[in-house]
Amino acid sequence: MNVEDDGPSTVAPATVNQADVSKPLLSQTSYIPKVQISSKEDSKSKLQTWLEQAKQLIGIQAGEKDQGIRVLRSNDPFYNEEQKFMDNYISTTKYKAYSFLIVNLLEQFSRLANAYFLLILILQLIPWIAALDWWITLLPLLFVLSVTALKDAYDDIQRWRSDKSINNRTTHVLRGEHWVEEVWSKVKVGDIIKVESNESIPADLLLISTSSPNGLCYIETAELDGETNLKVRQSLAETESYNDDPGQLANFYGRVECELPNNRLDKFIGVLAMESLEESEEDLAQYSLDNEKILLRGMILKNTTWAVGLVIFTGHQSKLMMNSGKPTLKRTNVDNLLNKIVYYILGLLMALCVVCGIGSFIWESIRGKDFSELYTPWQSPLDTTILIALTRIPSYIIVLNTLVPISLYVSVEMIRLGQSMFINVDLSMYHNETDTPAKARSTALNEELGQIKYVFSDKTGTLTQNVMIFLKGSVNSVQYGQDTVADAELEKNPHLVDFSWNKYADPKFRYSDQSLLDAVQARDPDVDMYFKVLSLCHTVMSEWEEDGTLVYQAQSPDEEALLTAARNFGYVYMSRTQKTVTINLFGTEEEYELLALLDFDNVRKRMSIILRCPDGQIRLLCKGADTTVIPLLNNKDPSKLEATLEHMNCYAREGLRTLIIAYKTIPDAEFQEWEAIFEKATMSLEDRDAEINAAYDLIEKDLDLIGATAIEDKLQDGVPETIANLARASIKIWVLTGDKQETAINIGYSCKLIKPHMEVLILEGDDSDDVKFEIIELQYRISDLRKTARKQGFEAEFALVVSGTTLRYALEEHIKQSFLDLALQCGAVICCRVTPLQKALVVRLVKNFKPENSDDDNITLAIGDGANDVSMIREAHIGVGISGKEGRQAVLASDFCFAQFRFLEKLLLVHGHWSYIRMCKFLRYFFFKNFAFTLVQLFYAPFCGFTAQTIFDPMYITLYNVVFTSLPIMLVGVMDQELSIEDAPPEVYEVGQLNQLFNKQAFALSGFHGFIVAAACLFIPYQMFAQSISFDGLDQQSMYFIGTAIAGIVTIVVNCQVALETTLWTVWNHLLTWGSTLAWFLCFLFICSPAMFHWSPETFTYFDGIYRVLETRTWWLTMCLTVVICLFPFIGYRLYVILTQPTLLQEVMYNIEKEKESKFTTFTRNLKAPLKEMADHLPLHLHKDHKGGHAVFATKRQQSKRMDLGRPESAQASTRGYAFAGGENYGRRMIMGGEAIVKVQRQDTRHCIASQIVDVEGEDITLPQPINVRPRSGSIRSSTKKAQASRVVTVD
């Protein structure tokens, strides 16, 4: 057994009295506790003494650790005090008030970026190498540290307040013979406490008694596992008589030996020995303790007036607190790439600084010595060129430190938080029936949602509704049951069975096969035993509501469905106690003595119950999966087994869930012999599970087959459409289920996971050699089918089906790679009869596989709804939990959660896709702007003799990332949108899977882009102002003037660049983009003002620079010229990529824009008819009547007739286009878009009032016609028809 150390204790160490300590009841060796070290024990070394005291300080009783068990006594505070158990005070805070600052700073400086800037700050404090004032680095570093520290402090204060509220809750503790109200923090191990209805359990308790007569109580475990359905706990029959009488409980002397504190919520191993003052230890009765007799801290007592318990674990040793540790940290591909890029940048920075150091050595050697003799003499100790060059390297590390992005990680987290908020408030992912919204439980994985390649899904409750309905059955080779039809059709079915004779019948249950009821009423012995197994072999608890309705509390929907069917057919489960199970059989109650319960688990996949029946015989009733029950059957009737298996295969092909029903009669002598073995196994404190399973195997054999059950579990709404769209997005879906192979295949067809044209491959070897041979054979088959399909002009697709037994061999070390190669060639994979561990292993196998010539991982997503899915959810890159009917364990282990599988499409194809694109845009731009800003300093190095002189105002360096350039791109990272939901086909999702938008190449291009912009922003203004003076005669080549001019140009260029990166423009985009540019002007007007210079001349050295720059017209011309030069190559390169190597996303966006243009053209053409009709009847032009000399209005048609007089036919024909009303000799003829545009000449232009375009009666204008073009080899092709045609891309 694993030994787990106890946590820190606030109980003062006490010396153990050896005489008071008794030997553990089940220990093989004597119980010898370690006493506290005294000053007289000189024989022990100082190290051993220190270790013993350390154990006491952290709350570990030495004997408890050595023995691997905990021993405690009820109503014996002195003994329990000596064991130094932890008290019930909890503290989840991360910091202490007195150590917050130190601990938090140590944590923050453990991050590479923060440690790097701390080093820069230290270097700036050294006068010989300080190229910048120390506060330039301190201010942004202090900002980042302060924001993080404030966030951490706020979170910790919230935790402290929560802890205080919990520690001060009250409960009733037995003190002497009285119940005393105590706060939770004062509860101790060994105390007896009383919990009342709707109160939380303050510590882990052994249930002693309850207000119910059979020691039953109902509890809610939402705080532990998220489940809101009630569960049942039951005390030992030997302790339930104590009730809540303080007098009796004060005389309860129990000795508990149990496992050490651990975090397993579903397991408890212990033994209770009932003591009295008169009995010796050898005569004590011992009782096995398991999880069904334990109330855990955090549970809430429901539907029970009170419950009394003995405290076992307290405080941080309770199972709830031991499960509240930090979750496994998951990092995205982007995070991993960013970490590598930071190291690349550090390497580049060091290389550039070494180059500058070499440049300094060369300059100092050639010109520096002469320069120093005239202007600035060398000062000791920097009086040699080598020393000067060496000091320039750290100086340039300071100057170029902004290459390493200090605010990158903070900005990324803020963007992810904003993206997560959009997921949380998405109403289209809200499930109204269960009032369940979607929730991003992790904010660090958003962009990875846009890169998923493989989805691993559970079936029951994930693809299906987990609403079980008993539909069919097979009893003694005879089939009973109805067809799979909708509920609405059942209501109209005239053959529905009438259950009105049964007052306990569930009115919601419907069945259409009268023959099964006839067999029941005829008391067919096989049918009778069939329904008795269904009504007796389960763990369901019953309760009666106030209106007299019988209600079942079932943890499994399967059990509830089977029990409801038995109930309607007259086998009504009524109640159970610790010793009996009662059913009502056609109005007559029968009581069965409960002898043993052989519980279900995911490995056994079956459960059994041993009862003494009313006829006195002992019977074992069993139900379970065919793979585990069939090997336990006897071979008395092979034909029955064959018929039953045939029926089950038929049910499985219909998509139904099946179970085998069996039983056996056990002789009394055989049972008594087995009972002794079983009791010994239940009393074991070590390897109890293994011993109990071995005992189960001894009795679960030679079973008689009765039949099988078939339960329908309907698909959730939208599952087929969701899977189809995910498949269009090149996402491969693997279904990992515990169902039969035939059931899984049928569900695969139903949900369109397996398409009709797919070739289904089945892998079902029984040993390693068979599996290996079958894999090779299937690979050859795939190769042959693909060749044949390509000859016929199509691509073959495959689906792979694997059984759980075969999967066990396929995952062996020497086979798993071949199995993976086979599976990756298939469009869909279904694994049947798999265990939770196998689910995790399959996910890990795909997760760890890397394609050839690629550094990218196969990004995996696992989705499930039950506790058996937790392992694969935690193993996958991203885990998604469905809040279904199997509890919320999957939700609590997940990164994202919602209520229905269909919401996965929106999560991946919309939120994931957008988050990936937004994050990539942000990162590319972030590195670009940092390179563009920092490399200006590098290019300036030769002009300042490599002296590490900065060209920018120190305040500009401080505010560049914080104020002038950060906000616009952060808004793009949160809200930008390439395509609307309606316009985006699933195929565009591939840009994330292929990692096309941000990779090492994209980073290099961003850096190169920044390199070009930095060069342009320095050399163009330098050449413009190098030999110039202003109109007032002032020099314009000073560092202050040029530095300010360049700073403004850099700011404008990078903000214009973010405008080019923005696709969706909102008011906020305009405000932040242009506002950031305006902020530079306002800030520099302030920091360059005379007032600031007079206040601190040493700090605000760029006095008057901005005023001189703004009044210089050359700067405005230079700024415009530089912006054009910087942006046009980028625009040209982007256009070149779109035309020659476009991504599918770019093609779709291009197509949509052309479609919009086409719609606009069609819209204007449709408006021409009514406008033309209006033009024919309205006086559009003022015309002078030559005869009368008066101006009169003439209609267009009248004008046309007048102008036609005396004109040649060719001139008349030329009017079939557009007519311009304008002055004489306005123009001859223009050709535009292939259509004639002519000028209608006026006889007298003195009275023309306007130039107007009017349509001339004639033929319609020929418009561009769209042509469907399928893109090939990534190129964009277009064609024309009478004119330039708009391009439409068809995406298959």
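The structure under discussion appears in the preceding block.
None of the values given here were measured: they were computed from a predicted structure. (Residues numbered from 1 in each chain as written. Predicted model: local features only at pLDDT ≥ 70, side-chain atom pairs only at ≥ 80, totals over all residues. Heavy atoms only, no water.)

So, about the side chain of glutamate 875. Mapping glutamate 875 onto the fold places it in helix 27 (residues 870-875). Residue classification places glutamate 875 among the buried positions, given a relative accessible area of 15%. Apart from the residues lying within four places of it in its own chain, the contact partners of glutamate 875 are Ala840, Val843, Arg844 and Lys847. (Helix = DSSP H or I, 4+ residues; strand = E, 2+ residues; numbered from the N terminus. Buried < 20%, exposed > 50% of the residue type's maximum accessible area, 1.4 Å probe, protein only. Contact = heavy atoms within 4.5 Å.)

A separate point is the pairing of strand 18 (residues 541-544). As paired elements, strand 18 and strand 19 (residues 550-553) share four bridges and run antiparallel to each other. Looking across to strand 19, one finds that serine 542 is bridged to tyrosine 552. Counted along the chain from strand 18 to the antiparallel partner strand 19, the turn is five residues long, and its residue glycine 548 has a positive phi close to 85°. (Pairing = 2+ DSSP bridges.)

This paragraph deals with the pairing of strand 26 (residues 704-715). Burial within strand 26 is extensive, with ten of its twelve residues counted as buried. Here strand 16 (residues 464-475) runs beside strand 26; their pairing, made up of eight bridges, is antiparallel. Looking at strand 26, one finds that glycine 473 is bridged to threonine 709. In the sheet, strand 25 (residues 657-666) pairs with strand 26 via seven bridges, with the strands oriented antiparallel. The residue of strand 26 that forms the bridge with arginine 657 is isoleucine 711.

So, about the layout of surface pockets. Approximately 1700 Å³ is the volume found for the second largest pocket. Forming the boundary of the second largest pocket are 47 residues, of which Arg924, Phe1130, Arg1134, Val1137 and Gln1146 lie nearest the centre. Those elements that place two or more of their residues in the lining of the second largest pocket are helix 29 (903-940), helix 33 (1000-1025), helix 34 (1039-1061), helix 38 (1113-1140) and helix 39 (1144-1177). Residue classes in the lining of the second largest pocket are distributed as 25 nonpolar, 13 polar and nine charged. (1 Å grid on protein atoms, 1.4 Å probe; cavity = no way out; pocket = protein on both sides within 12 Å on 5 of 7 lines; lining within 4 Å. Points joined across faces, edges and corners; volume = space filled by probe spheres on them. Nonpolar A, V, L, I, M, F, W, Y, C, P; charged D, E, K, R; others polar.)

The six strands are arranged 3-2-4-13-5-11 in an open sheet whose pairing can be described as antiparallel. Of all strands in the sheet, those bounded by a partner on one side alone are strand 3 (178-183) and strand 11 (294-295). Note: strand 5 (residues 204-210) against strand 13 (residues 306-313), six bridges, orientation antiparallel. Residue pairing for strand 13: aspartate 204 is matched across the bridge by phenylalanine 313.

Packing of helix 29 against helix 30 (residues 954-964) brings their axes to within 11 Å, and their N-to-C directions diverge by 170°. On the basis of the axis angle, helix 29 is roughly antiparallel to helix 30. Here Lys929, Asn930, Phe933 and Gln937 of helix 29 come into contact with helix 30, specifically with Tyr956, Ile957, Tyr960 and Asn961. (Axes fitted to C-alpha atoms, helices over the stretch in contact; angles between N-to-C directions. Parallel < 35°, antiparallel > 145°, perpendicular 65-115°, else oblique.)

Here we come to helix 23 (residues 768-791). Every α-helical turn comprises 3.6 residues, leaving residues that sit three or four positions apart pointing alike. Here helix 23 spans 35 Å end to end across 24 residues, near enough to the 34 Å set by a 1.5 Å rise per residue. Restricting attention to buried positions, one finds in helix 23 the residues Ser768, Val771, Glu774, Ile775, Leu778, Ile782 and Ala789. Looking at the buried side of helix 23, the elements it contacts are strand 28 (759-763), strand 29 (798-802), helix 24 (804-810) and helix 25 (816-824). Capping the start of helix 23 is the job of one residue whose side-chain oxygen sits 3.2 Å from the backbone nitrogen of aspartate 769: aspartate 767. Where helix 23 ends, the next residue or the one after it, glycine 793, has phi of about 90°, a positive value. (Expected span 1.5 Å × (residues − 1). Polar contact = N/O pair within 3.5 Å; in protein donor to acceptor, adjacent residues only side chain to side chain.)

As a further point, take the side chain of arginine 73. Note on placement: arginine 73 falls in strand 1 (residues 69-73). By relative accessible area, which is 13% here, arginine 73 ends up buried. Separated by 3.3 Å, the side chains of arginine 73 and aspartate 76 make a polar contact.

The next subject is unusual backbone geometry. Glycine aside, residues mostly have negative phi angles, and peptide bonds mostly take the trans form. Unusually for a residue other than glycine, lysine 84 sits at a positive phi of about 55°. You can see lysine 84 is positioned in the loop between helix 3 (77-82) and helix 4 (100-108). You can call lysine 84 buried: its relative accessible area is 4%. Residues other than glycine seldom take positive phi values, yet lysine 605 does so here, at roughly 55°.

This model, assessed by the stated rule, comprises 48 aromatic pairs. Between phenylalanine 933 and phenylalanine 952, the aromatic rings sit 5.3 Å apart at their centres with planes inclined by 10°, giving stacked as the arrangement. Within this pair, whereas phenylalanine 933 is found in helix 29, its partner phenylalanine 952 is found in the loop between helix 29 and helix 30, the two being separated by 19 residues in sequence. Since its relative accessible area comes to 2%, phenylalanine 933 is described here as buried. For phenylalanine 952, a relative accessible area of 0% puts it in the buried group. We note arginine 567 situated over the ring of tyrosine 552; from NZ or CZ to the ring centre the distance is 5.2 Å. Stacked on the ring of phenylalanine 926, the Lys or Arg lysine 929 has its end atom at 4.5 Å from the ring centre. (Phe/Tyr/Trp six-rings, centres within 6.5 Å; stacked < 30°, edge-to-face > 60°. Lys NZ or Arg CZ within 6 Å of the ring centre and 35° of its normal.)

Put simply, helix 30 and helix 34 touch, their axes get as near as 12 Å, and they point 20° apart. As summarised for this structure, helix 30 and helix 34 are arranged roughly parallel, according to the angle between their axes. Once helix 30 is placed against helix 34, the crossing between them reads as right-handed. Contacts between helix 30 and helix 34 pair Tyr956, Tyr960 and Phe964 from the former with Ala1047, Val1050, Thr1051, Val1054 and Asn1055 from the latter. Of the residues in the contact of helix 30 with helix 34, the class split is six nonpolar, two polar and no charged. (Left-handed = near helix turned anticlockwise from the far one by under 90°.)

This brings us to the nonpolar core. Tyr396, Phe922, Leu923, Tyr956 and Phe998 are the most contacted members of the largest nonpolar core, which has 110 residues in total. Top contributing element to this core by residue count: helix 29, with 18 residues. Not counting residues up to four positions away in its chain, the partners in contact with tyrosine 956 are Phe933, Phe964, Ala1047, Val1050, Thr1051, Trp1080 and Phe1084. (Core = buried A, V, L, I, M, F, W, Y, C linked by side-chain atoms within 4.5 Å.)

Turning our attention to the sheet that holds strand 21 (residues 580-585). The strand order across the open sheet formed by nine strands is 17-16-26-25-24-23-22-21-20, and the pairing between neighbours is antiparallel. Each edge of the open sheet is held by one strand with a lone partner, namely strand 17 (478-481) and strand 20 (571-576). Direction aside, the axes of adjacent strands within the sheet are offset by 30° on average. With five bridges joining them, strand 22 (residues 588-598) and strand 23 (residues 606-612) adopt antiparallel strand pairing. Within strand 23, the position partnered with leucine 594 by the bridge is leucine 611.

This next bit is on empty space enclosed by the protein. Following the criterion strictly, the structure yields four cavities of 30 Å³ or more and no others. Roughly 180 Å³ of internal volume is contained in the largest cavity. Along the wall of the largest cavity there are 16 residues; nearest its centre are Pro140, Thr402, Ile406, Ile957 and Asn961. Of all the secondary-structure elements, those providing two or more residues to the lining of the largest cavity are helix 6 (134-167) and helix 30. With five residues, the single largest contributor to the lining of the largest cavity is helix 6. A breakdown of the residues in the lining of the largest cavity according to their chemical character gives nine nonpolar, seven polar and no charged.

Here the structure, examined in full by the defined rule, presents 44 salt bridges. Measuring nitrogen to oxygen at the nearest pair gives 4.0 Å for the salt bridge that ties glutamate 257 to arginine 255. Note that lysine 319 is salt-bridged to glutamate 259, the shortest N-O span being 3.4 Å. With lysine 319 in helix 9 (residues 319-322) and glutamate 259 in strand 8 (residues 253-259), this residue pair connects regions lying 60 residues apart in the sequence. Looking at lysine 319, the relative accessible area reads 1%, which means it is buried. Since its relative accessible area comes to 7%, glutamate 259 is described here as buried. Within this structure, Asp335, Glu413, Arg416 and Glu447 form a network of salt bridges that share partners. (Salt bridge = Lys/Arg side-chain N within 4 Å of Asp/Glu carboxyl O.)

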